[in-house]
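For reference, the chains in residue letters:
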Amino acid sequence: MNSVGEACTDMKREYDQCFNRWFAEKFLKGDGSGDPCTDLFKRYQQCVQKAIKEKEIPIEGLEFMGRGKEKPESSS
Amino acid sequence: MKIWSSEHVFGHPWDTVIKAAMRKYPNPMNPGVVGVDVLERSVDGRGRLHSHRLLSTEWGLPSLVKAILGTSRTLTYIKEHSVVDPVEKKMELCSTNITLTNLVSVNERLVYTPHPENPEMTVLQQEAVITVKGLSLGSYLESLMANTISSNAKKDLGVSFVEVRGKRMDPRRLSSPGSWVEGSALVRQRLLMESRLPSSPAELMERAWMCGRKLLYKFKELLS
């Protein structure tokens, strides 16, 4: 499965592998403490946030399409 | 506005179903989802795992629908929030589209819980509210979309288990209740009695809608 940012796909897969292992072997068995994937997640996140900004994905609000693009109200 | 809901019984225990659900994509039988990213993940004070994810999808809308909507862009983005409670054995997932929102709104809610009669089985309740805005062919388009969601749901259910069990299984066996048709009716009755199913379309709409709308505020928070 790819990431929304092409450059982030490898980092995403590494993180996913780590998470899926922790999820199945620790979290679901009652041991939710400790997250061995934090560092991987941080690196992956930085990449994704950058991709979201570059692609202008409207995480913060709503994007309008068709019949004359309207700017969403910006509250920030 | 179109409301779609279904219950499905898996012949697998809750843990197995949840592991498969978390790894639902890629799904060769439902290639519409082309990208998945985790934006935030944490364990709350009650030991529940919260995940916020961004999904990019190609709707696979019929070309008639695309022509009516007036968009040639088919890549749409969806925000998803899931909560996994390993003690109560409940996973709840809500999603809403964040693009094309002036044209269509799709709010979905999924809840996975152990079968009330048999802990080796799992129940999935799935609800979707679809609203196409400002078009006279609105309800026709909504029906098309509901059919798409329904057939995608069936494909999702089948394949995720092929992966988890690590061996070739006929996905159709997994995705059709088969001898559990009676089981499904029984589950529905039981869930209704326990008020876990919405008792009216209005309540269903309220639940799925609230679920989706809350996501917008959370995501604003996350990225501010």
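Structure report, in brief. All figures in this text were calculated on a predicted structure; none of them were measured in a lab. (Residues numbered from 1 in each chain as written. Chains lettered and ligands numbered in written order. Predicted model: local features only at pLDDT ≥ 70, side-chain atom pairs only at ≥ 80, totals over all residues. Heavy atoms only, no water.)

1. What about the overall build of chain B?
Phase 1 of the analysis: Along its length, chain B carries six helices and seven strands.
Phase 2 of the analysis: Listed by position from the N terminus, the elements making up chain B come as β-α-β-β-α-β-β-β-β-α-α-α-α.
Phase 3 of the analysis: Long-range contacts, defined here as pairs at least 24 residues apart, represent 59% of the contacts in chain B between residues at least 6 apart.
Phase 4 of the analysis: Summed over all atoms, the accessible surface of chain B reaches about 10,100 Å², with 55% contributed by carbon and sulfur. (Helix = DSSP H or I, 4+ residues; strand = E, 2+ residues; numbered from the N terminus. Contact = heavy atoms within 4.5 Å. Areas by Shrake-Rupley, 256 points an atom, 1.4 Å probe, with all protein chains shown as cover.)

2. A closer look at the nonpolar core
Phase 1 of the analysis: In this structure, F23 of chain A together with I18, L54, V84 and Y112 of chain B are the most contacted members of the largest nonpolar core, which totals 36 residues.
Phase 2 of the analysis: For this core, the secondary structure elements donating two or more residues are α1 (9-25) and α2 (38-55) of chain A together with α1 (14-22), β2 (33-43), β3 (49-58), β4 (75-85), β5 (90-97) and β6 (104-114) of chain B.
Phase 3 of the analysis: With six residues, α1 of chain A is the largest single contributor of residues to this core.
Phase 4 of the analysis: Here I18 of chain B is in contact with F23 and L28 of chain A together with V84, M91 and Y112 of chain B, once residues within four sequence places are set aside.
Phase 5 of the analysis: The next biggest cluster of nonpolar side chains, apart from the first, holds 11 residues, and it includes W4, V106, A128 and V132 of chain B. (Core = buried A, V, L, I, M, F, W, Y, C linked by side-chain atoms within 4.5 Å. Buried < 20%, exposed > 50% of the residue type's maximum accessible area, 1.4 Å probe, protein only.)

3. What about the packing of aromatic side chains?
Residue and element names in this part refer to chain A.
Phase 1 of the analysis: Under the defined criterion, the tally for this structure stands at nine aromatic pairs over all chains.
Phase 2 of the analysis: A ring pair is formed by Y15 and F19, whose centres lie 6.2 Å apart and whose planes are at 25 degrees; its orientation type is stacked. Within this pair, Y15 and its partner F19 are both found in helix α1, separated by four residues, close to a single helical turn.
Phase 3 of the analysis: For Y15, a relative accessible area of 3% translates into the label buried. (Phe/Tyr/Trp six-rings, centres within 6.5 Å; stacked < 30°, edge-to-face > 60°.)

4. Quick look at the packing of α1 of chain A against α1 of chain B
Phase 1 of the analysis: One way to put it is that α1 of chain A packs onto α1 of chain B with a least axis distance of 11 Å and a crossing angle of 170 degrees. With respect to α1 of chain B, the element α1 of chain A is oriented roughly antiparallel. Here α1 of chain A runs over α1 of chain B; the crossing is right-handed. Across from F19, F23 and A24 of chain A in α1 of chain A, the residues of α1 of chain B making contact are I18, K19 and M22 of chain B.
Phase 2 of the analysis: Among the residues forming the contact of α1 of chain A with α1 of chain B, the class breakdown is five nonpolar, no polar and one charged. (Axes fitted to C-alpha atoms, helices over the stretch in contact; angles between N-to-C directions. Parallel < 35°, antiparallel > 145°, perpendicular 65-115°, else oblique. Left-handed = near helix turned anticlockwise from the far one by under 90°. Nonpolar A, V, L, I, M, F, W, Y, C, P; charged D, E, K, R; others polar.)

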